[in-house]
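Listed below are the residues making up each chain.
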Amino acid sequence: MKWKKICSLDDIVPDTGVCAQIDDKHIALFRLAATDEVLAIDNIDPFSRSSVLSRGLIGSVGGTPTVASPLHKQRFDLRSGHCLDDESITLTTYATRISKDAVSISLA
Amino acid sequence: MSTYIIIGNGMVGHRFVEELVSKNLHIDNNIIVFGEEPRSAYDRVQLSSYFNGTTANELSLVTPGYYEENSIELRIKERVTAINRETQTVTSDNGEIIPYDTLILATGSVPFVPPISGNDREGCFVYRTIEDLEAITSHAKNSKIGTVVGGGLLGLEAANALQNLGLETHVVEFAPRLMAVQINDHAGECLRNKIESLGVGIHTSKATSEITDGKNRIHKMVFADGEELETDCIVFSAGIRPRDELAKSCGLDLGERGGIAIDKHCRTSDPHIYAIGECACWNGKIFGLVAPGYHMARIVAERLDHCEETLFKGFDMSTKLKLLGVDVASIGDAQAARRGARTFAINNEIDGSYARIVVSKNLKYLWGAVLIGDCSTYDMLLQMMKNRIPLPSNPQDVILPATSEEQSLGPDALPDDATICSCHNVTKGDIVDAIKNDGIVDLPSLKSCTKVATGCGGCATLTKKILDNELEKQGIAVDTSLCEHFAYTRQELYHLIRTEQIHSFGELLEKHGTGLGCEICKPTAASIFASCWNEHLLDTDKAGLQDTNDYYLGNMQKDGTYSVVPRVPGGEITPDGLITIGTIAKKYNLYTKITGGQRVDMFGARVDQLPPIWKELIDAGFETGHAYGKSLRTVKSCVGSTWCRYGQQDSVGLAIELENRYKGLRSPHKLKMAVSGCTRECSEAQSKDLGVIATENGYNMYVCGNGGMRPRHADLFAEDLDKDTLIRYIDRFFMFYIRTADKLQRTSVWMESLDGGLEYLRKVVMHDSLNICSQLEEEMSYVIDSYECEWKATINDPEKIKRFRHFVNSDESDNNVLFVEERGQIRPATADERELQLANTSA
Ligand code: SRM
Ligand SMILES: Cc1cc2nc3c(=O)[nH]c(=O)nc-3n(C[C@H](O)[C@H](O)[C@H](O)COP(=O)(O)OP(=O)(O)OC[C@H]3O[C@@H](n4cnc5c(N)ncnc54)[C@H](O)[C@@H]3O)c2cc1C
Ligand code: SF4
Ligand code: FES
């Protein structure tokens, strides 16, 4: 696996997201304060085609962490990328790693 | 193993396939479906919602992969052109010939276009498919006037669509009244008045004889009486004709006025062929609604499954609709056509509503009803008729506005076999069983368990009543939790936060909740924190709670950019102020528009542009306008006594004072205010949460008005107040609302939910009946004293500014945002325009 360093953990306010640019991809990274981890999925909202998911609200459904699109509130499972409000849609998820406060992500 | 061929993949054809699958008949049989439209089945009943932005995908009735997964062959865009009954084969338009054992005709119907010369001119449409709507939309772009031929249910629905497309709309009806099939003369007149008052031109008793070139508009319609009407767009909606052409050419029996004749098993005159849905004709009748079609689909599936057989014995065609915003319902024998029928009607000229019941000769049973303007009694009347529940001793009581005991027919009065949902044949007994045996406690699970209320949705209110009633009986509290993370209502959370002095979401979750929170409870908590403590929204422990609008202090637009709305108190602005806004908008290439709230909105700012734009605005003396917040928006003013010859007081001065007093106040929903200088009411104060109208002696205070989706006129709360008293009352009123309202509940809805209503509110606010007024005033003065402009505080805090960038790992701005120019300004590119721009840049 090849890791690419994105930012330091402090660059992400706890329980919010940021958007990273890798080649021409827009990827959303979310920092979950409760479990101290960072999860990554596509940033482009498949419903509006806008690059906004990192600006959605983090939440949970059952035990699963989710993000709700800031435009029309569809929820996405942050671990699997599945859209909980439209079975036909699944976003790509990306592996992440936090080492020495640096957040990296793998595209492989 | 048999081969079933289904012709038509519309609502009923698809439902039939679902019935087969639910009986596992797809496993051992070969199923082939032909559909001539360019897509698989969709919800035609909701077709008009296409105009409100619902997409073709959202209208689809077919979950992706459904046909493939169940090994059913769906042949889209393929039309059957012939049936050969001898060889038991069908021929499709690509020439293929396919044999069947059983054939099911679900070919639906087509709109009837009267044979008028010129009816095929460009700009003449029907209203049946998604393609029809696409064509109407694109033609309407260059039209001013639209006309619907046909004043029935569908015609009025089409008229509504034309009006929403911004056209001056007319309805031309051949009969002397609207909805001639469903309702009687009086009701037709009442409906006409209501619809005319909405600005739709109604022309009844008009036979169109010709359509030719217009002088000023595209078409001219010429009527038999010599009158004329010029229009750009014509939609024919003069009834439907069953699609029986295939049946006719292969010699099946037809009904007298068309339609494929069927018996009580839905079988045609050929025992191997069935017909279901709108193409079928039973006992000389066509059924132009979806529920009877679904019923027929079930009957045929049961028959093929050799199981207990339901028989088709006609169908109740009662309907309740909102046509052009007017509630209209027709139940059973609305026309009083049955022998011995007696009627009773109320024609309420004050609110323009009309109600009529049709009862049996002995006055014992309800046979039918018509309701216009107010359909609140629909569920009850329908159940009374269907279940033959005896009428009260004065039958008219059931539609009289007085709330007599007998009138409110609770769920307990319904027998267990009462059909609640006619789309899915769900009885009250089924619902009660599901609640008792499957432990169901909410509407969503009840829907997925029994399918109730998942068809036309008309039965949802009654279903909810039965559910609540049943839960109450079992001693289960009806769940009013905010969401899965908090078992409290907003009011309860507010109380906890205030009394326990909770300042962070973490603490709130730990003490009273579970999980991580969600998009419902986080903003609710954030709003309560702000109402109580007024700390900065973007403080680190609050940032993650804010909806994106609050997080970036601007409203997110469809393309991910934001709007910028500086506060313009009372709508008063200096020429220099205007020039500043203009200069900034020009510099950052923003789209500008005057809003409905008397200020200027600048659209199209990317996140990274927000801080520099706001810095320039703040340096020029502007403050945030809170257009993004659930908080005070604007205080509209009229020019008032300073200039106006009628003005009684300085309405602009007061509006500015009020706007500065309450700016930044966070509340359960947004707050709007207005001050008018006299009763001519040029600032529309009676449509605001809080309105003030100046009088000779002071001010009249109005509360709980609303524009928007469900307009409500404000109530006159107090008269001729002096300014100090007025402000004291407003302080108390707002704080009491903030304490007790539900999340996202405007003051208008809150007022309607208050026990005791306006009188109660007067007691609390004017007479301090709860002994809380000094507390309310204190809380308000704390919020007012701790106000700071959120943008100013943000600009001055480098930590907060850091968050305003699109990429965390680069300084570039969002390359996914694309604009085009229109009328000299930018706007977001449409999907097609985006593709084009992207293709050009990569080429
Ligand atoms: C910009 C503006 C339209 C315009 O171009 O004129 C507008 C734009 C929006 N309105 Fe509005 N409303 C605007 C005046 C109004 C008015 C007229 C008025 O205030 O006099 C109304 C009806 C009056 C009322 O609210 O009672 C109005 C009733 C709504 C509603 C329906 C509220 C309701 O109770 O039914 C919504 C939806 C909501 O709030 O849930 C809404 C929501 C919105 C939102 C916030 C939708 C959204 O989430 O994106 C729009 C975004 C604003 C933005 O991006 O800045 N807007 N909206 C007006 C801004 C006024 C201002 O200066 O702040
Ligand atoms: C705007 C609008 C609003 C409505 N509102 C309501 C409402 O509120 N409540 C209500 O109950 N009903 C409503 N209806 C009526 C409802 O949509 C119909 O009752 C329902 O769609 C009938 O279903 P069906 O399958 O019989 O016909 P359709 O849905 O029309 O399906 C028939 C299908 O068969 C296809 N077909 C026909 N011939 C062939 C062939 N030879 N080969 C291949 N395919 C063929 C057609 O293209 C069509 O796709 C509304 C209808 C419209 C247009
Ligand atoms: S409301 Fe009265 S004072 Fe205000 S502008 Fe209209 S007429 Fe003049
Ligand atoms: S009656 Fe249509 S969904 Fe229940």
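This structure is a prediction, so every number in the text was calculated from the model and none was measured.

Thresholds applied
Residues numbered from 1 in each chain as written. Chains lettered and ligands numbered in written order. Predicted model: local features only at pLDDT ≥ 70, side-chain atom pairs only at ≥ 80, totals over all residues. Heavy atoms only, no water. Near = heavy atom within 4 Å. Nonpolar A, V, L, I, M, F, W, Y, C, P; charged D, E, K, R; others polar. Polar contact = N/O pair within 3.5 Å; in protein donor to acceptor, adjacent residues only side chain to side chain. Helix = DSSP H or I, 4+ residues; strand = E, 2+ residues; numbered from the N terminus. Phe/Tyr/Trp six-rings, centres within 6.5 Å; stacked < 30°, edge-to-face > 60°. Lys NZ or Arg CZ within 6 Å of the ring centre and 35° of its normal. Core = buried A, V, L, I, M, F, W, Y, C linked by side-chain atoms within 4.5 Å. Buried < 20%, exposed > 50% of the residue type's maximum accessible area, 1.4 Å probe, protein only. Contact = heavy atoms within 4.5 Å. Pairing = 2+ DSSP bridges. Axes fitted to C-alpha atoms, helices over the stretch in contact; angles between N-to-C directions.

Asker: Which residues make up the site of ligand 3, and what values go with them?
Answerer: The environment of ligand 3 is made up of B:C638, B:V639, B:G640, B:C644, B:G647, B:G677, B:C678, B:R680, B:E681 and B:C682. Grouping the constituent residues of the shell around ligand 3 by class yields five nonpolar, three polar and two charged.

Asker: Outline the site of ligand 1, supporting the account with residue identities and numerical values.
Answerer: Residue and element names in this part refer to chain B. Not every one of the 22 residues close to ligand 1 is listed here, only the nearest: Q557, G596, R599, K670 and G707. Measuring from an oxygen atom of ligand 1, one finds a side-chain N or O atom of K670 at 2.6 Å. Note that an oxygen atom of ligand 1 is positioned 3.0 Å from one of the side-chain N or O atoms of R746. Among the secondary structure elements, those contributing two or more residues to the shell around ligand 1 are strand 31 (600–605) and strand 32 (632–637).

Asker: Talk me through the packing of aromatic side chains; I want residue IDs and the actual numbers.
Answerer: Describing an aromatic ring pair means giving the distance of the ring centres and the angle of the ring planes. All names here are of chain B. Tallied over the full model, the rule gives 20 aromatic pairs over all chains. Grouped by ring-pair contacts, the aromatic residues Y662, F733, F734, F736, Y737, W750 and Y760 constitute a single cluster. Between R388 and the ring centre of Y365, over which it is positioned, the NZ or CZ distance is 4.0 Å.

Asker: Can you tell me about the nonpolar core, naming the residues and giving the values?
Answerer: All names here are of chain B. Formed by 62 residues in total, the largest nonpolar core has its most connected members in L658, Y662, M701, V703, F734 and L761. With 10 residues, helix 22 (residues 723–740) is the single largest residue contributor to this core. In contact with L658, other than residues within four places in its own chain, are V635, M673, V675, V692, I727 and I730. L25, V80, C266 and W282 belong to the second largest nonpolar core, which has 53 residues in total.

Asker: Mind laying out the pairing of strand 34 (residues 690–695) of chain B, listing which residues take part and the relevant values?
Answerer: Residues and elements named next belong to chain B. Along strand 34, six of the six residues are buried, which leaves the element largely enclosed by surrounding structure. Covered by surrounding structure in strand 34 are L690, V692 and A694 together with G691, I693 and T695, the residues of both alternating faces. Pairing of strand 33 (residues 671–676) with strand 34 involves four bridges; the strand directions are parallel. Bridge pairing in strand 34 links M673 to L690. By the bridge criterion, six bridges tie strand 34 to strand 35 (residues 698–703) in an arrangement that is antiparallel. Among the inter-strand pairings, G691 is bridged to a residue of strand 35, identified as Y702. The loop that links strand 34 with its antiparallel partner strand 35 comprises two residues.

Asker: Any details on the side chain of B:T524? Residues and values, ideally.
Answerer: Residues and elements named next belong to chain B. Residue position: T524 is located in helix 16 (residues 521–533). Of note is the side chain of T524, whose polar atom sits 2.7 Å from the backbone oxygen of I520. The contact partners of T524, leaving out residues within four places of it in the chain, are L482, R490 and K743.

Asker: Give a detailed account of the sheet that holds strand 9 (residues 102–106) of chain A, specifying residues and quantitative values.
Answerer: Residue and element names in this part refer to chain A. As summarised here, the arrangement of the six strands in space is 1-9-8-4-3-2, forming an open sheet in which the pairing is antiparallel. Of all the strands in the sheet, the pair left with one neighbour each is strand 1 (3–8) and strand 2 (17–22). Geometrically, the sheet is characterised by an average inter-axis angle of 30° between neighbouring strands, direction not taken into account. Sheet analysis places strand 4 (residues 37–42) next to strand 8 (residues 93–99), joined by two bridges and oriented antiparallel. Within the sheet, the bridge partner assigned to A40 lies in strand 8 and is Y94.

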